[in-house]
Amino acid sequence: MRIDEALKWAVALLKGGESPSVDAKVLLANALNVNQTYLFTWPDKVLDSQSLHTFQKAVERRRLGEPVAYIIGERDFWTLKLATSPHTLIPRPDTEVLVEQVLKRIPSDVNDQSTSSFSICDLGTGTGAIALALASELPHIHVTGVDFKAQAVALAKQNAVNNGIENVTFLQSDWFSELKAKQFNIIVSNPPYIEDSSDYLLEGDVKFEPRSALTSGEDGLRDIRHIISVSQAHLLTGGLLAFEHGFNQGAAVGELLSKAGFSDIETIKDYGGNDRVTLGRCY
Ligand code: GLN
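Here is what the cut-offs are and how they apply
- Residues numbered from 1 in each chain as written.
- Predicted model: local features only at pLDDT ≥ 70, side-chain atom pairs only at ≥ 80, totals over all residues.
- Heavy atoms only, no water.
- Helix = DSSP H or I, 4+ residues; strand = E, 2+ residues; numbered from the N terminus.
- Rg over C-alpha atoms; globule rule 2.2 N^0.38 Å.
- Buried < 20%, exposed > 50% of the residue type's maximum accessible area, 1.4 Å probe, protein only.
- Contact = heavy atoms within 4.5 Å.
- Areas by Shrake-Rupley, 256 points an atom, 1.4 Å probe, with all protein chains shown as cover.
- Lys, Arg positive; Asp, Glu negative; His and termini not counted.
- Charge placed at Lys NZ, Arg CZ, Asp CG, Glu CD.
- Axes fitted to C-alpha atoms, helices over the stretch in contact; angles between N-to-C directions.
- Parallel < 35°, antiparallel > 145°, perpendicular 65-115°, else oblique.
- Left-handed = near helix turned anticlockwise from the far one by under 90°.
- Nonpolar A, V, L, I, M, F, W, Y, C, P; charged D, E, K, R; others polar.
- Pairing = 2+ DSSP bridges.
- UniProt positions renumbered as here; feature names shortened; annotations may be inferred.
- Polar contact = N/O pair within 3.5 Å; in protein donor to acceptor, adjacent residues only side chain to side chain.

**Observations concerning the overall build of the chain**
Per the secondary structure count, the chain includes ten helices and nine strands. Over its C-alpha atoms the chain spans a radius of gyration of 21 Å, differing by no more than 12% from the 19 Å that the globule rule assigns to 283 residues. Each principal axis of the C-alpha distribution contributes one length, and for the chain these read about 65 × 45 × 35 Å. Residue burial in the chain is summarised as follows: out of 283 residues, 50% are buried. In the chain, of all internal contacts separated by at least 6 residues, the share reaching a separation of at least 24 is 64%. Accessible surface computed for the chain: about 13400 Å², of which carbon and sulfur atoms make up 51%. Each charge class in the chain can be summarised by its mean position, and for the 26 positive and 36 negative side chains these summaries are 4 Å apart.

Structure representation (structure tokens):
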């Protein structure tokens, strides 16, 4: 089978899905271990039997609904290529908004100093996406990423190595449980925030992702509430707490921060125009 024929075959099989054409290209490029440009440059190249077999198996998994990121085992986030696994959430473009907003609030002199004591903590790091994106942009700042799952910590560590990022430490910790005496300039988190009974959990890729990374009580705010209640003890004076949250949770998260005594509270929209990130400072 030729490349163009293989793509056509896969698009037809995946046509009930969300993105047949994109998925077919990503899966074929992965099976052939080439980039997507190769597929357009060599449409008449015939697939060797091993690649064809790999591709057919991948398309079948996708047809049954499995996320592309779990099938090929990676996802691009920020400027990084991250290994993914069913133990963690698949990094999402919206989460880049959280990274951008934190980067905007880094004091300009901090990153110039080669021995900066400025520190950032990423709670519930999963693949390590947020911690690694920040660490890659801020080579003089040390980032700590924690996750309560050992498999996530191992994956995040692997992602640090794969991307050559050294100014980051990942450790297993249930929120701050292993960071008892530690204080940071910035605490950032994309915690679980979906309502336990949300129908969204039954949709597309989401139903393959770990519930523990998605849901957070009846109103989806259980973990955010907890983090806000314990963060002050872990923030230095003027420290920033920054969350990703649900499209309908901006006001509620702002209010929780305000009630807990945070100031300079702001809610920022994602690329789809939905409230997605709320930040506040602790003085
Ligand atoms: N943003 C994710 C989604 O919409 C949810 C991730 C989370 O709960 N942190 O699927």
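**Here we look at the packing of helix α1 (residues 3-13) against helix α2 (residues 20-32)**
Interaxial distance between α1 and α2 falls to 9 Å at its minimum, and their mutual angle equals 135 degrees. Comparing their axes, α2 and α1 come out oblique. You can see that α1 and α2 cross each other, and the crossing is right-handed. On the side of α1, the interface is formed by I3, A6, L7, A10 and V11, while α2 contributes P20, S21, A24, K25, L28 and L32. Per-class residue counts for the contact of α1 with α2 are nine nonpolar, one polar and one charged.

**A few points about unusual backbone geometry**
Although it is not a glycine, W78 adopts a positive phi angle of roughly 55 degrees. Inspection of the secondary structure puts W78 in the loop between β1 (74-77) and β2 (80-83). A positive phi angle, close to 50 degrees, is found at W175, a residue other than glycine. Mapped onto the fold, W175 is located in the loop between β5 (168-172) and β6 (184-189). Under the relative-accessibility criterion, W175 is labelled buried at 15%.

**A closer look at the pairing of β1**
Where β1 and β2 come together, four bridges link them in antiparallel fashion. By the bridge assignment for β2, E74 is matched with A83. Here β1 hands over to β2 after two residues, with W78 in that stretch at a positive phi of 55 degrees.

**So, the packing of helix α9 (residues 222-231) against helix α10 (residues 250-259)**
α10 packs onto α9 with a crossing angle of 25 degrees between their chain directions and a minimal axis gap of 10 Å. Taken together, the axis directions place α9 and α10 in an arrangement best described as roughly parallel. Relative to α10, the crossing made by α9 is right-handed. Between α9, through I224, R225 and I228, and α10, the contact on the second element is made entirely by V253, L256 and L257. For the contact of α9 with α10, the residue count by class is five nonpolar, no polar and one charged.

**A few points about the UniProt feature "binding site: substrate" (unreviewed entry) in the chain**
As recorded in UniProt, the feature "binding site: substrate" (unreviewed entry) lies at N190, P191, P192 and Y193. Relative to the helices and strands, P192 resides in the loop between β6 and α9. Its relative accessible area of 8% is what places P192 among the buried residues. P192 has contacts with W175, S212, A213, L214, T215, S216, G220 and D223, leaving out every residue within four places of it along the chain. Inspection of the secondary structure puts Y193 in the loop between β6 and α9. By relative accessible area, Y193 is classed as buried at 13%. Apart from residues no more than four positions distant in its own chain, Y193 is found in contact with L214, S216, G220, I224, E244, H245, G246, Q249 and R276. Side-chain polar atoms of Y193 contact the side chain of E244, separated by 2.6 Å.

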